Amino acid sequence: MTTEKKNIHLSQDINPKEYHLTIQPDLKMFVFTGEVDIVLEVKKPIKSITLHADEIDVTKATFNDALVGEITHDEDSETVTIQFAKTLPVGEGKLHLVFTGIHNDMLKGFYRSKYYIDGKEYYMVVTQFEATDARRAFPCFDEPARKAIFIVTLLVPQDHTAISNTIETEIKELGNGLKRIRYAPTPIMSTYLLAMIVGKFEYIEKKSPEGVLVRVFVTPGKKNQATFAVDAGVKILSFFTKYFGIAYPLPVLDMIAIPDFAAGAMENWGAITYRETALLIDEKNSSTANKQRVALVIGHELAHQWFGNLVTMDWWTNLWLNEGFASYIEYLAVDHLFPEWDFWAQFIFLDHVRALELDGLENTHPIEVEIEDPNDINEIYDAVSYSKGASIIRMLAEYLGYEHFEKGLQKYLKRHAYQNACTEDLWQALEDVSGKPVKKIMNNWTKKAGYPLITISETGKEFVLSQSRFYSSALSQKKATDKTQWVIPIGIVSSSQKEPTYHLMEQKTLHIPKNGDWMKFNAGEKSLVRVSYPPTLLNRLEEAIKKKTIAKEDRFGILRDLFVLAEAGKASTDQALKMSLAFTSDAAYIVWVELATEIAKVANLVSEEPYYEDFKGFAKSLFSDIVKKVGFEPVKGEDHTQKLLRSVVLGQSAKYGNEEVIKKGQTLFDQVVAGEITLDADLRGVVYTIAARNGDEAVYNALLTRYRKETLEQERDRLFLALSSFKQEELIKKALAFSLSKEVRTQDSFKVAMMTSMDQQGKYLTWEFIKNNWDDILNRYSGTYLISRFITPMDSFIHAEQAEEIRVFFKIRKAPSATRTILQVLEKIESNALWIHRDAAKIATFLKSRQKVSL
């Protein structure tokens with residue numbers, strides 16, 4: 001599971017200033033030809049030039065139109081070297097290269113994507129260059145600090161649309177079925193931000209108040225799904241222009257919906273590419289959750305136009321500067337547009353929890369991790385770079401005050417515009433504005449792995465807070481030697497003081513005077529910590545939870561931490577289950593999302609215990625009151641989160657055997673199949689899944705038929721997940737086989753393994769399927785972070801024997817870009833095994849006591 005590290009940095013003796021790039025794609029043979037003139041600054045006498053090039057063939061090389069170079073390709077280092085007979089003079093020169101390449105189907109480089117118009121199959125070609133795949137399209141200096149200006153020319157079919165980062169300056173028909181399109185020079189930027197898209201498109205457009213033309217491109221027939229995105233794009237662009245205090249530097253911002261796309265979206269400057277599900281909204285058939293996701297992704301990508309594109313990280317070690325920041329600021333933008341969505345409350349389970357979960361493992365990594373090998377770059381596109389990055393930014397913004405934070409960001413962007421920067425540059429700007437010791441506070445948050453557990457002890461008239469690194473695995477904790485101390489901004493609320501008071505915990509311990517009947521630490525869940533309370537204080541907090549005198553964010557945090565402390569062996573699972581009963585009259589969406597998550601973890605843990613059915617009965621009763629409150633019928637005028645809540649609680653209630661909910665879900669599904677009703681989009685996912693979990697092959701076939709006919713990708717997603725939710729062995733195997741068929745886009749295949757592994761029997765069948773099909777999976781996803789998505793679901797195993805089997809399998813089988821993921825899965829499984837061994841009897845005793853109460 002180890003890979004040999006190699007230096008991938010190019011020489012600093014030459015530097016690109018401009019790329020004059022011409023490319024002609026072939027949408028039938030899936031190859032392209034191109035040539036590029038690179039204006040170079042030669043800093044010292046040299047006789048060779050090495051550039052990045054991968055799966056492209058450079059056939060001709062000249063320097064200043066005079067010197068002909070000898071060309072040598074190196075596949076291992078992904079480079080091409082041009083050797084010249086004479087020494088190149090110091091100063092500015094022009095390197096001319098002619099090359100050919102392929103439009104692969106691996107969702108990276110200059111790849112191909114399939115789409116349909118009136119049932120007929122077509123292909124477009126799309127660029128996806130982040131992190132190191134611009135080299136698959138043209139020879140270049142493929143490093144973020146090697147910024148240059150790009151002047152692009154595309155030769156494309158006359159009946160096709162071609163999009164690049166900037167607007168067209170010339171369109172000329174060539175008389176042979178082709179047209180030549182030249183584009184305005186880009187701003188100085190990194191290679192990974194270059195975009196070239198060629199296909200059949202239509203678009204809608206709208207101008208921002210600042211005069212920027214915003215366009216949304218879709219494949220023909222989907223223009224009606226672009227309205228929400230263009231409206232949101234215009235408003236968010238205008239919001240960021242004011243917030244950052246810097247005008248968007250291009251006259252146009254294009255957002256393009258791509259049928260095949262590995263990530264959610266990519267922030268190419270001025271030409272942002274998206275998965276269709278992350279950009280398009282059908283007002284009748286897209287759910288509330290769909291709309292929320294589209295707004296969030298647009299906010300994220302538009303934030304990058306400043307934070308990432310205008311100012312770019314110096315090297316991939318600082319990837320979090322792009323992704324962590326955008327993952328925070330997207331909430332600011334969406335909350336500005338839709339304050340009724342209560343989005344900051346959702347942050348704590350959409351991002352904050354994801355950060356805590358991954359970074360609680362021994363096999364995590366610091367936010368800033370040294371990068372050399374390209375496979376290591378793919379491995380850090382994870383919840384540490386994104387969600388932990390966002391969470392520490394949120395923590396810092398809260399501590400500095402939002403006005404200081406905003407002005408500090410503006411100073412950072414203006415100071416480093418069109419340049420590259422590192423983490424310390426951001427801290428310096430925020431420190432300059434706020435006058436607070438930002439670098440001192442934040443140093444260990446980015447340079448050290450993990451985060452602190454704050455353990456509260458009660459002594460007389462005060463509470464004593466002690467910090468230590470938290471591990472979600474008791475095994476990892478036992479062998480840990482990490483003595484990191486964090487500087488922790490922490491807010492506190494109490495029964496006597498509802499507005500938080502803030503303290504800076506700079507040492508291992510902090511003494512806080514008691515204030516009121518109860519005190520809740522980490523108010524609003526603003527700091528990236530977990531909190532362990534003494535039993536007496538926890539009991540008082542439990543009463544406050546029942547009375548709802550604690551904010552929903554704080555109720556959420558108490559529940560979340562108690563369950564994870566049980567997993568870590570620092571509390572008992574029966575204690576956490578007892579606490580969950582305090583929430584039965586709660587109506588907050590975020591609370592029920594967390595309850596659903598934690599109860600599902602314990603359900604998986606006890607799935608092979610003799611009392612599993614008793615546990616399902618307990619879980620069913622836990623959701624019974626809230627199910628009655630929300631029901632199946634949407635209420636006119638209900639708020640945004642109520643719509644999201646309905647799907648969660650109905651799905652959970654049915655999962656644990658609520659016959660009334662199951663019967664209603666099956667009836668609705670039968671009516672949908674019969675064409676008698678059209679379900680509200682918010683109900684479709686849960687109804688389809690209820691029907692699948694309790695259905696037979698006839699239901700599977702009905703879902704499959706609808707999947708094959710459906711054109712809206714969000715609806716196809718719902719149907720696809722339902723197809724992966726059956727309980728019968730033969731249907732689980734059928735769904736897994738279907739996931740790698742030609743009917744399923746490469747971007748979506750992993751979702752089946754994600755779903756089937758949630759079932760007791762399904763996880764064993766899923767692992768067998770992955771082992772038997774690993775060569776195919778490796779061939780499709782090698783070198784992308786998607787390969788890890790097939791491995792992560794295996795962390796649901798609860799026996800050390802499974803961990804050993806996985807360890808042995810990947811000792812002899814390659815898994816590029818997934819080395820750390822495998823270690824994380826092994827750590828989780830071993831932790832699960834210890835957890836159930838430690839708490840099985842306590843859970844059984846708790847369930848028996850509950851049965852006696854119900855009698």
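Since the model is a prediction, treat every value here as computed from it, not as a measurement.

Engineer: I'd like a rundown of the pairing of strand β13 (residues 168-173), residues and numbers included.
Structural biologist: With zero of six residues buried, β13 is to be regarded as a mostly surface element. Bridge count between β13 and strand β14 (residues 178-183): five bridges; the pairing is antiparallel. Bridged to E168 within β14 is Y183. The hairpin formed by β13 and β14 contains four residues between the paired strands, and G175 there has a positive phi angle of roughly 85°.

Engineer: How would you sum up the sheet that holds strand β19 (residues 265-266)? Please name residues and give values.
Structural biologist: Sheet architecture is open: five strands sit in the order β16-β17-β18-β20-β19, paired in mixed fashion. In this open sheet, the two edge strands, each paired with only one partner strand, are β16 (202-207) and β19. Bridge analysis of β19 against strand β20 (residues 271-275) gives two bridges, and the strand direction is antiparallel. Within the sheet, the bridge partner assigned to A265 lies in β20 and is Y274.

Engineer: Give me the lowdown on helix α14 (residues 589-605), citing residues and values where you can.
Structural biologist: End to end, α14 covers 25 Å across 17 residues, agreeing with the expected 24 Å (1.5 Å per residue, within 8%). Taking burial as the measure, the 17 residues of α14 include 14 buried ones, the bulk of the element.

Engineer: Quick one: what's the story with the nonpolar core, residue by residue and with numbers?
Structural biologist: Counting residues in hydrophobic clusters, the biggest one holds 303 residues, and the most contacted among them are I49, F138 and F521. With 12 residues, the top contributor of residues to this core is helix α3 (residues 319-337). Apart from the residues within four sequence positions on either side, I49 is in contact with I14, L40, F63, V80, T81, I82, F84, L88, L95 and F141.

Engineer: Before we move on, could you go through the confidence of the model for the chain and cite the residues and values that matter?
Structural biologist: Caution is warranted with low-pLDDT regions, since their predicted coordinates should not be read in detail. Residues with a pLDDT of 70 or more make up 98% of the chain, whose mean pLDDT is 95. This stretch, residues 1-5, has a pLDDT under 50; its non-local contacts, to residues over four places away or in other chains, come to eight contacts.

Engineer: Please give an account of the packing of aromatic side chains that cites residues and values.
Structural biologist: Applying the stated criterion to the full structure yields 54 aromatic pairs. Between Y19 and F150 the ring centres are 4.7 Å apart and the planes differ by 0°, which places this aromatic pair in the stacked class. Of this pair, Y19 sits in strand β1 (residues 14-26) while F150 sits in strand β11 (residues 149-157), placing them 131 residues apart in sequence. For the pair F63 and F84, a centre-to-centre distance of 6.0 Å together with 65° between the ring planes defines the contact as edge-to-face. Here F84 lies in strand β7 (residues 79-88) and F63 lies in strand β4 (residues 56-63), a separation of 21 residues in the sequence. When its relative accessible area of 2% is taken as the criterion, F63 is described as buried. On the basis of relative accessibility, which here comes to 2%, the residue F84 falls in the buried class.

What counts and what doesn't
All chains use their own residue numbering, which begins from 1 and follows the written sequence. Local features in this predicted model are restricted to residues whose pLDDT is 70 or higher, and side-chain atom pairs enter the listing and the counts only when it is 80 or higher, whereas totals over whole chains, interfaces and linings include all residues. Side-chain calculation: all heavy atoms of the structure are included, whereas hydrogens and water are not. For the exposure calls, accessible area comes from a 1.4 Å probe over protein chains only, and a residue counts as buried if that area is under 20% of its type's maximum, exposed if over 50%, partly exposed in between. Only runs of H or I of at least four residues qualify as helices and only runs of E of at least two qualify as strands under DSSP, and these elements are numbered from the N terminus. The rule for pairing is simple: two strands pair if DSSP sees at least two bridges between them. One fewer than the residue count of a helix, multiplied by 1.5 Å, yields its expected span. Only buried residues count toward a nonpolar core, which is a set of Ala, Val, Leu, Ile, Met, Phe, Trp, Tyr and Cys residues joined through side-chain atoms within 4.5 Å. Note on contacts: a residue pair is in contact if any heavy atoms of the two residues lie within 4.5 Å. As a per-residue measure, pLDDT reflects the predictor's confidence and takes values from 0 up to 100. Centre distance within 6.5 Å is the pairing criterion for rings of Phe, Tyr and Trp, where only the six-membered ring of Trp is used; planes under 30 degrees apart are then read as stacked, over 60 as edge-to-face, and the remainder as tilted.

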